[in-house]
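# Structural description and commentary
The residues making up each chain are set out below.
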Amino acid sequence: SYRVELPASLRRRGVHDVFHASLLRVHEPNDDRLFPGRLDTQVIDLEDGENEWAIEKILSHRGTGRSATFEALWRSGDRTWVPFESIAHLTALHLYLEAQGV
């Protein structure tokens, strides 16, 4: 295992600084002529940790009652299915159920 010097932004987010040797590769700088816009500052903003895991809205559901699962659109753009118990307290769920007439 190797200890890697990480940028402060990654350390603040809890990224551990020790990696197994099998996960490490020789750094190859980006060739901006071949792959323009591949700087880390252009691809992803790691500073908005508060909203990264927030649900934007509920898109659909399957099942009924407490056993229902809901398709959630996350602020990161991902879509996943989450159980009712995990999101019962969220405003996004209440808005969705209101729109469904429940």
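In case you missed it, the structure is sitting above this.
Predicted model only: the values in this text are computed from it and were never measured.

Further remarks concern the overall build of the protein. The helix and strand inventory of the protein stands at 5 helices and 5 strands. Moving toward the C terminus, one meets the helices and strands of the protein in the order β-α-β-α-α-β-β-β-α-α. For the protein, buried positions account for 17% of its 102 residues. A sequence separation of at least 24 residues applies to 22% of the contacts in the protein between residues at least 6 apart. Only carbon and sulfur atoms are counted for the fraction: they give 53% of the accessible area of the protein, which is about 8,400 Å².

So, about the nonpolar core. One finds I55, I58, A68, F70, A72, W74, V82, F84, I87, A92, L93 and Y96 forming the largest nonpolar core, which totals 12 residues. Elements with a contribution of two residues or more to this core: strand 3 (55–62), strand 4 (69–74), helix 4 (84–87) and helix 5 (91–99). Apart from residues lying up to four places away in sequence, L93 is in contact with I58, F70, F84, I87 and A88.

Take the sheet that holds strand 5 (residues 79–83) next. Taken in spatial order, the 3 strands of this open sheet run 3-4-5, and their pairing is antiparallel. A single partner strand is all that each edge strand has here, and the edge strands are strand 3 and strand 5. Averaged over all pairs of adjacent strands, the angle between their axes in this sheet comes to 35°, without regard to strand direction. Relative to strand 5, strand 4 is paired through 5 bridges, and the arrangement is antiparallel. Each residue of the ladder has a partner; that of L73, found in strand 5, is R79. Sitting on the sheet, helix 5 is in contact with strand 3 and strand 4, with an inclination near 45° to strand 3.

Tallying each qualifying case throughout the model produces 2 aromatic pairs. Ring geometry for F70 and F84: centres 6.4 Å apart, planes at 45°, overall tilted. Residue F70 is found in strand 4, and its partner F84 is found in helix 4; the two are separated by 14 residues along the sequence. Classification of F70 by relative accessible area gives buried; the value is 4%. Residue classification places F84 among the buried positions, given a relative accessible area of 17%. Judged by centre distance (6.1 Å) and plane angle (85°), the rings of F70 and Y96 are edge-to-face. Of the two residues, F70 is situated in strand 4 and Y96 in helix 5; the sequence distance between them amounts to 26 residues. Above the face of the W81 ring, R62 is positioned so that its terminal group lies 3.9 Å from the ring centre.

Conventions used here
- Residues numbered from 1 in each chain as written.
- Predicted model: local features only at pLDDT ≥ 70, side-chain atom pairs only at ≥ 80, totals over all residues.
- Heavy atoms only, no water.
- Helix = DSSP H or I, 4+ residues; strand = E, 2+ residues; numbered from the N terminus.
- Buried < 20%, exposed > 50% of the residue type's maximum accessible area, 1.4 Å probe, protein only.
- Contact = heavy atoms within 4.5 Å.
- Areas by Shrake-Rupley, 256 points an atom, 1.4 Å probe, with all protein chains shown as cover.
- Core = buried A, V, L, I, M, F, W, Y, C linked by side-chain atoms within 4.5 Å.
- Pairing = 2+ DSSP bridges.
- Axes fitted to C-alpha atoms, helices over the stretch in contact; angles between N-to-C directions.
- Phe/Tyr/Trp six-rings, centres within 6.5 Å; stacked < 30°, edge-to-face > 60°.
- Lys NZ or Arg CZ within 6 Å of the ring centre and 35° of its normal.

Any functional reading would require information beyond the geometric quantities listed.
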